[in-house]
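# Coordinates in review
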Amino acid sequence: QVQLVESGGGLVQAGGSLRLSCAASGSIFNINAMGWYRQVPGKQRELVATIGSGGSTNYADHVKGRFTISRDNAKNKAFLQMNSLKPEDTAVYHCNAYVYSPSTGWGDYWGQGTQVTVSS
């Protein structure tokens, strides 16, 4: 009953910017932490950034100072502002959320992902 859908990916040149969005929908009572992860073929999915229910944030070293995670609790959305993009940022970016649903309780949910490609 809970779904996460990402949007905002695309092709940009190195040094450019993108803003990713994640919309959670369905039977949702509360969302605790939300996060963004990325994955390239042949590699483990890795943390990009997380944000707690109170707004605390955590970033991977690779993106500190360049990416900003935020959320809109009223709309059950999370965002990832990506600046100064590098070719090594190229990946499929997935949204993650820990959600309490009245029907099923707490659960960990993932979106399908959105492709980000950075050219040099």
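Here's what I pulled together on the structure shown here. Counting starts from 1 at the beginning of each chain's written sequence and moves along it residue by residue. Where local features are concerned, this predicted model is filtered to residues with pLDDT of at least 70; where side-chain atom pairs are given and counted, the filter is 80 or more; whole-chain, interface and lining totals use all residues. Calculation of side-chain values draws on the structure's entire complement of heavy atoms; hydrogens and water are dropped beforehand.

Moving on, we get to the sheet that holds strand S8 (residues 77-82). If DSSP finds at least two bridges between two strands, the strands pair. Elements are defined by DSSP. Helices are runs of H or I of four residues or more, strands are runs of E of two residues or more, and each kind is numbered from the N terminus. Ordered by their spatial adjacency, four strands build an open sheet running S1-S3-S8-S7, and the pairing between neighbours is antiparallel. Among the strands making up the open sheet, the edge pair consists of strand S1 (2-7) and strand S7 (67-72). Strand-to-strand twist of the sheet, defined as the mean angle between neighbouring strand axes without regard to direction, takes the value 15 degrees. Orientation is described by axes fitted as lines to C-alpha atoms, over the contacting stretch for helices, and by angles from 0 to 180 degrees between their N-to-C directions.

Further remarks concern the pattern of salt bridges. Where charged atoms from two side chains of opposite charge come close, those side chains can pair. One side-chain nitrogen of Lys or Arg within 4 Å of one carboxyl oxygen of Asp or Glu is enough to make a salt bridge. Across all of its chains, the model carries four salt bridges by this definition. A salt bridge links Lys 64 to Asp 61; its shortest N-O distance comes to 3.3 Å. The two residues Lys 64 and Asp 61 agree in class, both being exposed. It is possible to trace a salt-bridge network through shared partners that takes in Arg 38, Glu 46, Arg 66 and Asp 89. Working definition: with a 1.4 Å probe on protein chains only, accessible area under 20% of the residue-type maximum means buried, over 50% means exposed, and in between means partly exposed.

What follows is about the pairing of S8. Pairing of strand S3 (residues 18-26) with S8, which is carried by six bridges, proceeds in the antiparallel orientation. Bridge pairing links Arg 19 to Gln 81 in S8. Linkage of S7 to S8, two consecutive antiparallel strands, is achieved through a turn of four residues, within which Asn 76 is found at a positive phi near 55 degrees.

Our focus in this paragraph is the nonpolar core. Nonpolar side chains in soluble globular proteins generally cluster together in the buried interior. With 30 residues, the main nonpolar core has Met 34, Trp 36, Val 48, Phe 67, Leu 80, Met 82 and Tyr 93 as its most contacted residues. Of all the elements in the fold, those that place two or more residues in this core are S1, S3, strand S4 (30-39), strand S5 (46-51), S7, S8, strand S9 (91-101) and strand S11 (114-119). Per-element accounting of this core gives the leading share, five residues, to S9. Pairs of residues are marked as contacts when any of their non-hydrogen atoms sit within 4.5 Å. What Leu 80 contacts, discounting residues up to four positions off in sequence, is Leu 18, Arg 19, Leu 20, Trp 36, Val 48, Ala 49, Phe 67, Thr 68, Ile 69 and Tyr 93. Buried Ala, Val, Leu, Ile, Met, Phe, Trp, Tyr and Cys residues form a nonpolar core when they are joined through side-chain atoms within 4.5 Å.

Let us now look at the packing of aromatic side chains. For any pair of aromatic rings, the description consists of the separation of the ring centres together with the inter-plane angle of the planes. Stacked, tilted and edge-to-face pairs are distinguished by plane angle, under 30 degrees for stacked and over 60 for edge-to-face with tilted covering the rest, among Phe, Tyr and Trp rings (Trp via its six-membered ring) whose centres lie within 6.5 Å. Enumeration according to the criterion identifies four aromatic pairs in this entry. Judged by centre distance (6.1 Å) and plane angle (75 degrees), the ring pair of Phe 29 and Tyr 100 falls under edge-to-face. Placement of the pair is Phe 29 in the loop between S3 and S4 and Tyr 100 in strand S9, with a sequence separation of 71 residues. Consider the rings of Tyr 37 and Trp 110, whose centres lie 5.0 Å apart with planes at 65 degrees: the pair is edge-to-face. A residue pair is termed long-range when its members are at least 10 positions apart, and Tyr 37 in strand S4 and Trp 110 in strand S10 (residues 105-110) qualify at 73 residues. Looking at Trp 110, the relative accessible area reads 36%, which means it is partly exposed. One aromatic cluster in this structure is built from Phe 29, Tyr 98, Tyr 100 and Trp 106.

Nothing here speaks to function; it is geometry throughout.
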